[in-house]
Amino acid sequence: MIITTDRQHIRLLTLNDPHRRNPLSPALVQDLLAALEAAAQDPAIRAVVLTGAGPAFSAGADLEFLKNVTTAGAEANYAHSLELMRLFHRVYTFPKPTIAAINGPAVAGGAGLATACDLAIMSEQAQLGYTEVKIGFVAALVGVILVRNVGEKHAKELLLTGKLITAPEAYRMGLVNRVVPPEQVLDEALALAQEVSANAPTSLKLTKELLHALPGMGLEDGFRLAALANAWVRETGDLAEGIAAFFEKRPPRF
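The rules behind each value
- Residue indices follow the written sequence of each chain, beginning from 1 at its first position.
- The predicted origin of the model limits local features to residues at a pLDDT of at least 70 and limits the giving and counting of side-chain atom pairs to 80 or more, whereas totals for whole chains, interfaces and linings rest on all residues.
- Each side-chain value is derived from all of the structure's non-hydrogen atoms; neither hydrogens nor water enter the calculation.
- A run of H or I in DSSP counts as a helix once it spans at least four residues, and a run of E counts as a strand once it spans at least two, with each numbered from the N terminus.
- Computation of the radius of gyration draws on C-alpha atoms, with the globule rule given as 2.2 Å multiplied by the number of residues to the power 0.38.
- Each residue gets one of three labels from its accessible area relative to the maximum for its type: buried under 20%, exposed over 50%, partly exposed in between, using a 1.4 Å probe on protein chains only.
- Helix axes are fitted to C-alpha atoms over the stretch in contact, other axes to C-alpha atoms as well, and angles between N-to-C directions run from 0 to 180 degrees.
- Should an angle fall under 35 degrees it is called roughly parallel, over 145 degrees roughly antiparallel, and 65 to 115 degrees roughly perpendicular, with every other angle called oblique.
- When the near helix sits turned anticlockwise from the far one by under a right angle, the crossing is termed left-handed; a clockwise turn instead gives a right-handed crossing.
- Pairs of residues are marked as contacts when any of their non-hydrogen atoms sit within 4.5 Å.
- Two strands qualify as a pair provided that DSSP identifies no fewer than 2 bridges between them.

Section: the overall build of the chain
- In terms of helices and strands, the chain carries 10 helices and nine strands.
- Its C-alpha atoms give the chain a radius of gyration of 19 Å, near enough to 18 Å, the size a compact globule of 254 residues would have.
- Along the longest, intermediate and shortest principal axes, the C-alpha atoms of the chain span 65 × 40 × 35 Å.
- In the chain, which comprises 254 residues, the share counted as buried stands at 43%.

Right, dumping it as C-alpha cells:
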C-alpha cells in the first residue's frame with residue numbers, strides 16, 4: 001500500500017489506496033511504519049516526502065474499521081490506537097526532515113498525518129480538517145501535535161468545529177508552509193526536500209531534536225540544553241567539513 005520512489009537523496013512515500021482515498025487502515029499504517037523505518041536506516045536518504053495516490057492525500061479512517069469500531073472491544077481498540085500513535089509519533093520525531101505534499105483532501109487521521117510532518121505543501125484546491133467530533137470521535141492523538149503547530153485558539157477552533165478548511169486558511173493558521181496549484185504540489189515538495197537535505201545531516205537531526213524538546217522546557221533548562229547542543233555539534237565531522245568548505249570556497253560534501 002506504499003509506493004517507494006527515490007529521487008537522489010529524497011525518498012517519496014506514496015499512500016497507494018486511491019479508490020478508497022488512501023484511508024489509514026491498519027494495513028496501511030503498518031506498511032507506512034515499515035517504509036519509514038527503512039528510510040531512517042538508509043544512509044543515502046536525507047529527507048522523506050509523503051503524498052497520496054489519486055485525488056486525495058488521505059481521507060482518514062478506514063470505512064471497514066468504522067463499521068466495527070464500537071463492537072471491537074477495549075483491547076482491540078486500544079491496540080489500534082497505539083499503532084496510530086506510533087505512526088504519528090514516528091513521523092513527528094523522525095530523525096530526517098519530513099514534508100507532506102497535500103495533493104487533495106486531508107481529513108481526520110489524514111490531516112493528522114500531514115500535521116505530523118515537519119513541513120507541508122498544499123494544493124490550492126485541497127481541504128484539510130480534523131472532523132472526528134462530527135461522528136463522535138475525538139482527535140486525541142493529533143491534538144498533541146496540532147496545538148504545537150498552531151497554538152490553543154486555532155487548535156480549539158479546528159477540533160471543536162470539525163470543519164474543513166481551505167488551503168489559504170491552513171496557511172493563515174500556520175498548518176502549511178506553501179500553497180501552490182495542484183499540478184505543482186509534488187514538484188514543490190521535492191524541491192523543498194532537496195533544499196533542506198543539502199544541509200548538514202547532523203545539524204538537521206539535532207535541530208529537530210531541539211525543536212521537539214524546547215517547548216516543554218523552562219527558560220533555564222532550555223538554554224542549558226541549547227548550550228550542550230552548541231558545544232556537542234562542534235565535535236562532529238559535518239561541522240569540520242562545513243568550515244573547511246567555507247574557507248575553501250566550495251560546496252560542502254556532507
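A few points about the packing of helix α4 (residues 109–116) against helix α5 (residues 140–161)
- At a minimum axis distance of 10 Å, the contact between α4 and α5 shows a crossing angle of 50 degrees. Put simply, α4 runs oblique to α5. In the crossing of α4 with α5, the sense of the turn from one axis to the other is left-handed. Together, Gly112, Thr115 and Ala116 of α4 and Val142, Ile145, Leu146 and Asn149 of α5 make up the contact between the two elements.

Describing the sheet that holds strand β8 (residues 164–166)
- Ordered by their spatial adjacency, three strands build an open sheet running β5-β7-β8, and the pairing between neighbours is mixed. In this open sheet, the two edge strands, each paired with only one partner strand, are β5 (106–107) and β8.
- Of the strand pairs in this sheet, strand β7 (residues 127–129) and β8 are connected by three bridges, and their pairing is antiparallel. Bridge pairing in β8 links Leu128 to Ile165.

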